[in-house]
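A look at the structure
Listed below are the residues making up each chain.
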Amino acid sequence: MGKKIESDFKNILICLLIITAVSAGILGLVYSLTEKPIEETKKLNKENAIKKVLPDYDRMEECKVPIESAVENNVFKKEAKADSLSIYKAYQGETLVALAVETFSDNGFGGRVKLMVGFQADGSIKRIEVLEHHETPGLGDKMEPAKSDFSKQFESMKNFPVKVKKDGGEIDAITAATISSRAYCDAVNRAHDAILSIIGGEDNE
């Protein structure tokens, strides 16, 4: 009886190992097949977002700007798991006309929120597009321009840091999604901090 139980246990263990190995192989294959299309989609989304948040331009330069672990004036601070932001400088001739910043916040209700923020050369916001988020459908996802007018509040804004009204700022938070709204503001403030050295050092006349 004992030998039969031992034999059955070994058979079950072998079956489980085989199933695990096959499952891992299938997952690895699926990942390898989908990784490139996913990356291409993200790249296309980023390119489209840059076009949407910037005015017409002749040429563009990309640069990296170091960031601090947290924006100094944030109400809702957390360590930023990145060391730089990508900035896209748009020119007409030799004149800097606008900048797009790929920014983020790790303070979202569902984790990281990624935005593309367009700034005029004077530092005011032109437009904002959402690149990625994991916020609650019907609540935090209303940060997307296609789902609400939340982002329109930021257009032409020049007073920073931006905050929701609950924190003493000017921004109406998304109903029942204050955390998501704060994360959005966090990402915008991070983007603005990143461009200060650029717009201060460029000759825009």
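An account of the accompanying structure is given in this report. (Residues numbered from 1 in each chain as written. Predicted model: local features only at pLDDT ≥ 70, side-chain atom pairs only at ≥ 80, totals over all residues. Heavy atoms only, no water.)

This paragraph deals with the overall build of the chain. A tally of regular secondary structure across the chain gives two helices and five strands. Listing each helix as α and each strand as β along the chain from the N terminus yields α-β-β-β-β-β-α. Looking at the chain as a whole, 36% of its 205 residues qualify as buried. Taking the contacts inside the chain whose residues are at least 6 apart along the sequence as the reference set, 56% of them involve residues at least 24 apart. In the structure as shown, the chain presents an accessible area of about 12,000 Å², 54% of it carried by carbon and sulfur atoms. (Helix = DSSP H or I, 4+ residues; strand = E, 2+ residues; numbered from the N terminus. Buried < 20%, exposed > 50% of the residue type's maximum accessible area, 1.4 Å probe, protein only. Contact = heavy atoms within 4.5 Å. Areas by Shrake-Rupley, 256 points an atom, 1.4 Å probe, with all protein chains shown as cover.)

With that settled, consider unusual backbone geometry. Across the junction of F160 and P161, the peptide omega takes the value 5°, indicating a cis bond. In this fold, P161 is placed in the loop between strand 5 (125-132) and helix 2 (178-201). Backbone geometry at S156 places phi at a positive 75°, although glycine is not the residue there. Tracing the backbone through its elements, the reader meets S156 in the loop between strand 5 and helix 2. Backbone geometry at A176 places phi at a positive 65°, although glycine is not the residue there. Its relative accessible area of 65% is what places A176 among the exposed residues.

One pass over the structure, following the stated rule, counts four aromatic pairs. Between F150 and F154 the ring centres are 5.5 Å apart and the planes differ by 70°, which places this aromatic pair in the edge-to-face class. Here the two residues F150 and F154 agree in accessibility, since each one is buried. When the ring of F154 is compared with that of Y184, the centres are 5.0 Å apart and the planes differ by 45°; the resulting orientation is tilted. Of the two residues, F154 sits in the loop between strand 5 and helix 2 while Y184 sits in helix 2, which places them 30 residues apart along the sequence. Looking at Y184, the relative accessible area reads 0%, which means it is buried. Ring pairs connect the aromatic residues F150, F154 and Y184, which therefore count as one cluster. Over the ring of Y91 we find R59; its NZ or CZ atom is 4.2 Å from the centre of that ring. The lysine or arginine in question, R190, covers the ring of F104, its NZ or CZ lying 4.9 Å from the ring centre. (Phe/Tyr/Trp six-rings, centres within 6.5 Å; stacked < 30°, edge-to-face > 60°. Lys NZ or Arg CZ within 6 Å of the ring centre and 35° of its normal.)

Pairing between side chains of opposite charge can happen when their charged atoms approach one another. Following the criterion strictly, the structure yields 13 salt bridges and no others. The salt bridge involving K46 is made with E102; its shortest N-O contact spans 3.2 Å. Of the two residues, K46 sits in helix 1 (residues 2-53) while E102 sits in strand 3 (residues 95-108), which places them 56 residues apart along the sequence. Ionic pairing is found between D122 and K158, a salt bridge with its closest N-O pair at 3.9 Å. Of this pair, D122 sits in the loop between strand 4 (111-120) and strand 5 while K158 sits in the loop between strand 5 and helix 2, and the two are 36 residues apart along the sequence. Its relative accessible area of 47% is what places D122 among the partly exposed residues. (Salt bridge = Lys/Arg side-chain N within 4 Å of Asp/Glu carboxyl O.)

A cluster of nonpolar side chains, I14, I18, V22, I26 and V30, forms an exposed patch at the surface whose accessible area comes to about 440 Å². Its place among the elements puts I26 in helix 1. (Patch = residues over 30% accessible without salt bridge, like charges linked within 9 Å, V, L, I, M, F, W, Y side chains within 5 Å.)

We now examine the side chain of E129. Checked against the element boundaries, E129 lands in strand 5. Ignoring any residue separated from it by four or fewer positions in sequence, one finds E129 in contact with A49, K52, V53, L115, M116 and P145.

The subject of this paragraph is the nonpolar core. Counting residues in hydrophobic clusters, the biggest one holds 35 residues, and the most contacted among them are L115, F154, Y184 and V188. Residue contributions to this core peak at 10 residues, all from helix 2. Contact partners of L115, with chain neighbours within four places excluded, come to V101, E102, T103, I128, E129, V130, L131, Y184, A187 and V188. Residues A49, V53, A90 and A100 belong to the second largest nonpolar core, which totals 10 residues. (Core = buried A, V, L, I, M, F, W, Y, C linked by side-chain atoms within 4.5 Å.)

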